[in-house]
Amino acid sequence: MKKILIYLLSFLLAGALGFGGVYLIKPKLTTKAPATGSPYVVPTADVQPVLDTIPEEDLGLDEVVAEEPAVLEIDITAKKVTRLSNGGFKVSGLKVKGGSGDNVKFIISDNENHIYESYDGSFADVVQPNARGYYNAKVRDLRTGKESAAKALYGFKELKPVEKLSAAELAAMFNSGTSSSMAPLRDRMAGNVKIKSNFPDVTTPSDVFLRVANEDLHVTVTSVHYDASGRADVINLELK
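On a predicted model such as this, the values are computed, not experimentally measured, just so you know.

Conventions used here
Residues numbered from 1 in each chain as written. Predicted model: local features only at pLDDT ≥ 70, side-chain atom pairs only at ≥ 80, totals over all residues. Heavy atoms only, no water. Pairing = 2+ DSSP bridges. Helix = DSSP H or I, 4+ residues; strand = E, 2+ residues; numbered from the N terminus. Axes fitted to C-alpha atoms, helices over the stretch in contact; angles between N-to-C directions. Contact = heavy atoms within 4.5 Å. Buried < 20%, exposed > 50% of the residue type's maximum accessible area, 1.4 Å probe, protein only. Arc of directions from axis to C-beta. Parallel < 35°, antiparallel > 145°, perpendicular 65-115°, else oblique. Nonpolar A, V, L, I, M, F, W, Y, C, P; charged D, E, K, R; others polar. Polar contact = N/O pair within 3.5 Å; in protein donor to acceptor, adjacent residues only side chain to side chain. Core = buried A, V, L, I, M, F, W, Y, C linked by side-chain atoms within 4.5 Å.

**Some points on the sheet that holds strand E9 (residues 189-196)**
Next up, step 1: Spatially, E9-E11-E10 is the arrangement adopted by the three strands of the open sheet, whose pairing is mixed. A strand with exactly one partner marks an edge of an open sheet, and here the two such strands are E9 and strand E10 (219-226). When strand polarity is set aside, the average angle formed by the axes of neighbouring strands in this sheet is 25°.
Next up, step 2: Strands in contact with helix H2 (residues 167-175) are E9, E10 and strand E11 (232-239); relative to E10, the strand with the most contacts, it is inclined by about 130°.

**Remarks on helix H3 (residues 205-215)**
Given 3.6 residues per helical turn, the α-helix brings residues three or four places apart onto the same face.
Next up, step 1: Where H3 is concerned, the buried positions are Pro 205, Val 208, Phe 209, Arg 211 and Val 212. When H3 is viewed along its axis, its buried side chains cluster within an angular range of 165° and face the same direction. Exposed residues pointing more than 90 degrees away from the buried face of H3 are listed as Leu 210 and Asn 214.
Next up, step 2: Structurally, H3 contributes buried residues whose contacts are with H2, E9, E10 and E11.
Next up, step 3: Following H3 by one or two positions, Asp 216 has its phi on the positive side, about 55°.

**What to know about the packing of H2 against H3**
Next up, step 1: Remark: H2 packs on H3, axes separated minimally by 9 Å, with the N-to-C direction vectors making an angle of 55°. As the angle between them shows, H2 and H3 are arranged oblique. Along its contact with H2, which presents Met 173, Phe 174 and Asn 175, the element H3 presents Pro 205, Val 208, Phe 209 and Val 212.
Next up, step 2: Considered class by class, the residues forming the contact of H2 with H3 number six nonpolar, one polar and no charged.

**Considerations on the pairing of strand E2 (residues 80-83)**
Next up, step 1: Judged from the four bridges that link them, E2 and strand E3 (residues 89-92) form a sheet pairing that is antiparallel. Paired with Arg 83 across the strands is Phe 89, a residue of E3.
Next up, step 2: Between E2 and E3, which pair antiparallel in sequence order, lie five residues; one of them, Gly 87, sits at a positive phi of approximately 95°.

**A short note on unusual backbone geometry**
Next up, step 1: In this model, Asn 103 sits at a positive phi of 55°, which is unusual for a non-glycine residue.
Next up, step 2: Tracing the backbone shows Asn 103 in the loop between strand E4 (95-96) and strand E5 (104-109).
Next up, step 3: Of the residues examined, Asn 103 reaches a relative accessible area of 43% and is grouped as partly exposed.
Next up, step 4: One non-glycine residue, Asn 113, adopts positive backbone phi at about 65°.

**With respect to the side chain of Ser 229**
Next up, step 1: Of note, Ser 229 is situated in the loop between E10 and E11.
Next up, step 2: Engagement of the side chain of Ser 229 in a polar contact is seen with the side chain of Arg 231, the distance being 2.9 Å.
Next up, step 3: Apart from residues no more than four positions distant in its own chain, Ser 229 is found in contact with Leu 159, Lys 160, Pro 161 and Val 162.

**Side note on the nonpolar core**
Next up, step 1: Counting residues in each nonpolar core, the largest one holds 22 residues, and the members touching the most others are Phe 174, Val 208, Ile 235 and Leu 237.
Next up, step 2: Mapped by element, the contributors of at least two residues to this core are H2, E9, H3, E10 and E11.
Next up, step 3: In this view, Phe 174 contacts Ile 195, Pro 205, Val 208, Phe 209, Val 212, Val 219, Ile 235 and Leu 237; residues no more than four positions away in its chain are not counted.
Next up, step 4: By size, the runner-up hydrophobic cluster in this structure holds 18 residues, among which are Val 104, Ile 108, Tyr 116 and Leu 153.

**Observations concerning H2**
Next up, step 1: Of all the residues in H2, the buried ones are Leu 170, Ala 171, Met 173 and Phe 174. For H2, the arc enclosing every buried residue in end-on projection is 160°, short of the 170-degree limit, so these residues lie on one face. Away from its buried face by more than 90 degrees, H2 exposes Ala 168 and Ala 172.
Next up, step 2: On its buried face, H2 is in contact with E9, H3, E10 and E11.
Next up, step 3: Remark: Gly 177 follows H2 within two positions and exhibits a positive phi of approximately 75°.

See below:
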C-alpha cells in the first residue's frame, strides 16, 4: 500500500512538472517567425501621410515670368516696285506680318553696298538697280534690336543700254495692226510702256493695235520718251 502511494505521488508530480514546462515554453514558441509560405502579418508602424499638394511657399507665387516678345516677320505681299526713267526704283508697301508696324524699321540691302531704310515701309530714296535683280528685305524692332528673317524682294534688275527706237519704227509697228510685230522690238521698250494719244481710252500698245485693226485708223508717233537704258517708256501718238 505504501508503494502504491509513492507511485501515485510520483505520477502526479511528473504530470505537474510537465504541464508547467509546456506553459513556460509556449509563449517563446509563439514569437518565432512563421515558416516560409505561411501568412505573416507585419506589425504596423506610424506612417506619415503623403502630401497631395505642394506647400504654398514652394510654388514661387512671387516670381514674375516675362513673356517672350512675338517673332517679327516682314510682309512683302503688298510690295510695289516701280522702275523710274532715271534707271532707279521707288519701293513701297512693306509691312509687318500680323502687326501694326509701330516702333520698327524696314531695311533693304544687296551685296553691292546698297542699303535703304524706312520707318513706314515706303522708301523715300531712289533704290538703285543691281546685277542680281533683288534686295534682301527685313524689319527691325527698335525696342529690342531684334530683326526678322530676310525675304528676297525682286524687280531691281539692272538693264543694259539699248539702241533707241525711232518714231518712224514705232509708227510702222503700230500701223501693221498686229501685236506680233511688237515682239522683235520688245527688248527696246520699257516693261510698263505708256501710250498717250488723242483717244482717252487708248493707254496701252494693245489698245492701239485694236483700233488700227478694227477701225482702219492710222498712227502717227509725235514724240518718244526713253528711260536711262534707252528704252521707250512713254509714246505720244495720234490716231486718225
